Amino acid sequence: MNLQQIETFVRVAEVGSFSKAAVLLDTAQPALSRQVRALETELRETLLIRTGRGVTLTDAGRRLLEHGHAIMQRVAMAKEDLGSQRDEPVGRITVGLPPSLARRLTLPLIDGFSREMPKARLAVVEGFSMNISEWLTSGRMDLGLVYTPEPHPQIEVLPVLEERLCLIGPASTLAGRTSIPFEHLAEFPLIMPQHGQIFRKLMEAQATLSQVKLNVVWEVSSVPAILDLVRGGYGYAALTDSAMHSHATDAALVEVPIKSPHIVSTLCLVQPAKKKSTPLMRRTAELLRRLSMQVCSVESGHI
């Protein structure tokens, strides 16, 4: 058993696919498969079940994944500790991005990271805000961007900017509107993420205060899929401008700010509260904060 095999197994297990892990690790897919099989042979356990859609963890695989996270974290801490003596960003860092921003932030983040921290490694994982917060507290992630996070003693929160939610729908029905009162949303069939996702929580909390019954006709946990459904005429969405412009590039959809009241979501930079600050953490956090402000400020929905 060696560190490369453990890292390969951890990344394949996290993304649920050898092909996705190969892109993440910049390694040929057959090489990753051989490393995992060698690990399974040595441990005399089946760790992953291969399916047509990817891989799933066995019970043994889930146990090893817990050990793998701890091992990779200790290795990263050792590298960072030695690098901190030189105030040099070294080691490996994992960053979580919400679906509303991941598409627009990933390329500039990797570009800036490779230029500013050439001796370090970066992994980018996409997930909803509630998932990113869970991954931070469990040690699976080092930094993340989260919308309106719940207070948690194990997470440090730095507000970056505020974005208001808009009603997104076909241009044929919303063109010409400059805003829409919240109480009028009851008239629109809505496509929303599952319960617990932050945009839905904000909408439902205001609906309770305003005594408005929202008409949720579809629940879909994917921003691109929500926008595809809106484009296909299945309903309307309540998302931020950045979400809209990250995944919709044609003129078929328009966004109209919700008012009376405005529904505001705060984009925050989050990291584990008790994890030692290192040059890599500080430099990556500053890069992420700077890029998120640049990307979101080009849209009209920031405040």
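Residues numbered from 1 in each chain as written. Predicted model: local features only at pLDDT ≥ 70, side-chain atom pairs only at ≥ 80, totals over all residues. Heavy atoms only, no water.

- As recorded by an unreviewed UniProt entry, the chain carries the name HTH-type transcriptional regulator AbgR and is attributed to Comamonas testosteroni.
- Reading the Sequence similarities (unreviewed entry) entry of the UniProt record for the chain gives the comment "Belongs to the LysR transcriptional regulatory family." (UniProt positions renumbered as here; feature names shortened; annotations may be inferred.)

## Topic: helix α6 (residues 129–138)
Okay, step 1: Among the residues making up α6, those that are buried are Ser129, Ile132, Ser133, Trp135 and Leu136. Summarising the axial view, the buried residues of α6 lie within an arc of 165 degrees, below the 170-degree limit, and thus occupy one face.
Okay, step 2: Residues of α6 that are buried make contact with β3 (91–97), β4 (120–126), β5 (143–147), β6 (155–170), α8 (198–210) and β12 (264–272).
Okay, step 3: Positioned one or two residues after α6, Gly139 has a phi angle of 90 degrees, which is positive. (Buried < 20%, exposed > 50% of the residue type's maximum accessible area, 1.4 Å probe, protein only. Helix = DSSP H or I, 4+ residues; strand = E, 2+ residues; numbered from the N terminus. Arc of directions from axis to C-beta. Contact = heavy atoms within 4.5 Å.)

## A look at the domain arrangement of the chain
Okay, step 1: Annotation of the chain at the domain level lists domain 1 (3–81), domain 2 (85–160 + 266–298) and domain 3 (162–265).
Okay, step 2: Relative placement of domain 1 and domain 2: their C-alpha centres are 22 Å apart.
Okay, step 3: Counting residues at the interface gives eleven residues for domain 1 and 13 residues for domain 2.
Okay, step 4: For the pair domain 1 and domain 2, the two sides together bury roughly 1200 Å², of which 44% comes from carbon and sulfur.
Okay, step 5: In this structure, Glu7 and Arg92 form a salt bridge, with 3.3 Å as the shortest nitrogen-oxygen distance.
Okay, step 6: Scanning the region where domain 1 abuts domain 2 turns up two residue pairs in polar contact (both at pLDDT 80 or more).
Okay, step 7: Counting only elements with at least two residues in the side of domain 1 that touches domain 2, the list comes to α1 (3–15), α2 (18–25) and α4 (59–84).
Okay, step 8: The leading source of residues in the side of domain 1 that touches domain 2 is α4, at six residues. (Domains from an automatic or database assignment. Buried area = accessible area lost by both parts, 1.4 Å probe. Salt bridge = Lys/Arg side-chain N within 4 Å of Asp/Glu carboxyl O. Polar contact = N/O pair within 3.5 Å; in protein donor to acceptor, adjacent residues only side chain to side chain.)

## A few points about a nonpolar patch on the surface
Okay, step 1: Together, Val217, Trp218 and Tyr234 make up a nonpolar patch on the protein surface, roughly 320 Å² of accessible area in all.
Okay, step 2: Position of Trp218 relative to the elements: it lies in strand β9 (residues 215–219).
Okay, step 3: Residue Trp218 is classed as partly exposed on the basis of its relative accessible area of 46%. (Patch = residues over 30% accessible without salt bridge, like charges linked within 9 Å, V, L, I, M, F, W, Y side chains within 5 Å. Areas by Shrake-Rupley, 256 points an atom, 1.4 Å probe, with all protein chains shown as cover.)

## Concerning the pattern of salt bridges
Any two side chains of opposite charge can pair, so long as their charged atoms come close to each other.
Okay, step 1: One pass over the full model with this rule turns up 14 salt bridges.
Okay, step 2: The partner of Arg62 in a salt bridge is Asp59, and the shortest N-O contact between them spans 2.3 Å. Taken together, the residues span about one helical turn, with Arg62 and Asp59 both in helix α4 at a distance of three residues.
Okay, step 3: Overlapping salt bridges bring together Glu116, Glu286, Arg289 and Arg290 as one network.

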